[in-house]
Amino acid sequence: PAEIRALAMDPQTPNTVYAASWREGILKTTNGWAFNAANIGITDMNATSLAIHPQRPSFVYAGTYGGGIFTTANSGTSWEPLNDGLSDLNVDALALSPSAPTRLYASTSDGHAWFYTLPSPVQISVATNPSGRRFWADGVEYSTSQTFSWDQGSSHTISVDSPQESNWTRYVFA
């Protein structure tokens, strides 16, 4: 059986809970009771701690004893190491400030504290000229100006009707 070291609940979807398990890595439930492994990319199955971003809960951080810290941006579907500057890969605890979650803090078995400044989302505004024209962002239709908050390095699709009804089309990204 799994030896659970920490639990973390998605603040926006309370039935989604992550468990840091010794020997079985990260476990996840989306119904509040049936846990399944969520370990793709995690190289150390001795999980010790968890932190969920309070405003962007698809971002989860897992501490391990021997593999350091792993992060996911897709609710645990896949994980990547986040160990830049970490002096000891034996992580005891993780924390994010609920009111200003721009830093991830960790304590390690060598008695040190570590922090990592998390990247901020990028604000992208989309408007049409003349106003009221349709456009799609990631498959969702809009006819009014929109501002999107997208994570740095993420991929998105913006499309417009074709053919355009005017003599010119101008795309400006800022």
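Quantities reported herein were computed from a predicted structural model and do not represent experimental measurements.

Asker: Any chance you could explain the packing of aromatic side chains here in plain terms?
Answerer: Aromatic ring pairs: the centre-centre distance and the angle between the two ring planes describe each pair. Counting across every chain of the model gives six aromatic pairs. Arranged with centres 6.1 Å apart and planes meeting at 10 degrees, the rings of Trp114 and Tyr116 form a pair that is stacked. Overall, Tyr116 belongs to the partly exposed group, its relative accessible area being 25%. Aromatic pair Tyr142 and Phe148: ring centres 5.4 Å apart, planes at 75 degrees, arrangement edge-to-face.

Asker: Help me understand the sheet that holds strand 10 (residues 103–108), please; the structure alone is not making it clear to me.
Answerer: Two strands in a sheet stick together by hydrogen bonds in their backbones, pointing the same way (parallel) or opposite ways (antiparallel). In space, the three strands of this open sheet follow the order 9-10-11, with antiparallel pairing throughout. This sheet does not close on itself; its edge strands, each paired only once, are strand 9 (91–96) and strand 11 (113–117). Recorded for the sheet is a direction-independent mean angle of 20 degrees between the axes of neighbouring strands. Pairing of strand 10 with strand 11, which is carried by five bridges, proceeds in the antiparallel orientation. Bridging across to strand 11, Arg103 finds its partner in Thr117.

Asker: I'm lost on the layout of surface pockets in this one. Help?
Answerer: Unoccupied space between atoms shows up once a probe the size of one water molecule is rolled over them. Computed from the structure, the second largest pocket encloses a volume of approximately 330 Å³. What lines the second largest pocket is a set of 20 residues, among which Phe59, Thr71, Thr72, Ala73 and Pro119 lie closest to the centre. Of all the elements in the fold, those that place two or more residues in the lining of the second largest pocket are strand 7 (69–72) and strand 8 (80–81). Here the residues of the lining of the second largest pocket are counted per class, giving ten nonpolar, seven polar and three charged.

Asker: Would you take a moment to explain the nonpolar core for this structure?
Answerer: Nonpolar side chains in soluble globular proteins generally cluster together in the buried interior. Counting 14 residues, the largest nonpolar core has Tyr18, Ala20, Ile26, Leu50, Val60 and Trp79 as its most contacted members. No other element matches strand 5 (residues 47–52), which puts three residues into this core. Apart from residues no more than four positions distant in its own chain, Tyr18 is found in contact with Ala6, Leu7, Ala8, Ile26, Leu27, Lys28, Phe35, Leu50, Ile52, Val60, Ser75 and Gly76.

Asker: Would you mind going over the pattern of salt bridges with me for this structure?
Answerer: For side chains of opposite charge, pairing can occur when their charged atoms come near one another. Applying the stated criterion across every chain, the model contains two salt bridges. Across the pair Arg5 and Glu3 runs a salt bridge, and its minimum N-O distance is 2.8 Å. Residues Glu141 and Arg134 are paired through a salt bridge, measuring 3.7 Å at the closest nitrogen-oxygen approach.

Asker: Whenever I open this one, unusual backbone geometry confuses me. Can you help?
Answerer: Glycine aside, a negative phi is what most residues show, and trans is what most peptide bonds show. With a phi close to 60 degrees, Ser75 is a non-glycine residue in the positive phi region. By the secondary structure assignment, Ser75 is in the loop between strand 7 and strand 8. Backbone geometry at Asp138 places phi at a positive 55 degrees, although glycine is not the residue there. Within the element layout of this structure, Asp138 appears in the loop between strand 13 (135–137) and strand 14 (140–142).

Definitions and cut-offs
Residues numbered from 1 in each chain as written. Predicted model: local features only at pLDDT ≥ 70, side-chain atom pairs only at ≥ 80, totals over all residues. Heavy atoms only, no water. Phe/Tyr/Trp six-rings, centres within 6.5 Å; stacked < 30°, edge-to-face > 60°. Buried < 20%, exposed > 50% of the residue type's maximum accessible area, 1.4 Å probe, protein only. Pairing = 2+ DSSP bridges. Helix = DSSP H or I, 4+ residues; strand = E, 2+ residues; numbered from the N terminus. Axes fitted to C-alpha atoms, helices over the stretch in contact; angles between N-to-C directions. 1 Å grid on protein atoms, 1.4 Å probe; cavity = no way out; pocket = protein on both sides within 12 Å on 5 of 7 lines; lining within 4 Å. Points joined across faces, edges and corners; volume = space filled by probe spheres on them. Nonpolar A, V, L, I, M, F, W, Y, C, P; charged D, E, K, R; others polar. Core = buried A, V, L, I, M, F, W, Y, C linked by side-chain atoms within 4.5 Å. Contact = heavy atoms within 4.5 Å. Salt bridge = Lys/Arg side-chain N within 4 Å of Asp/Glu carboxyl O.

So far we have only geometry, and geometry alone does not tell us how the molecule works.
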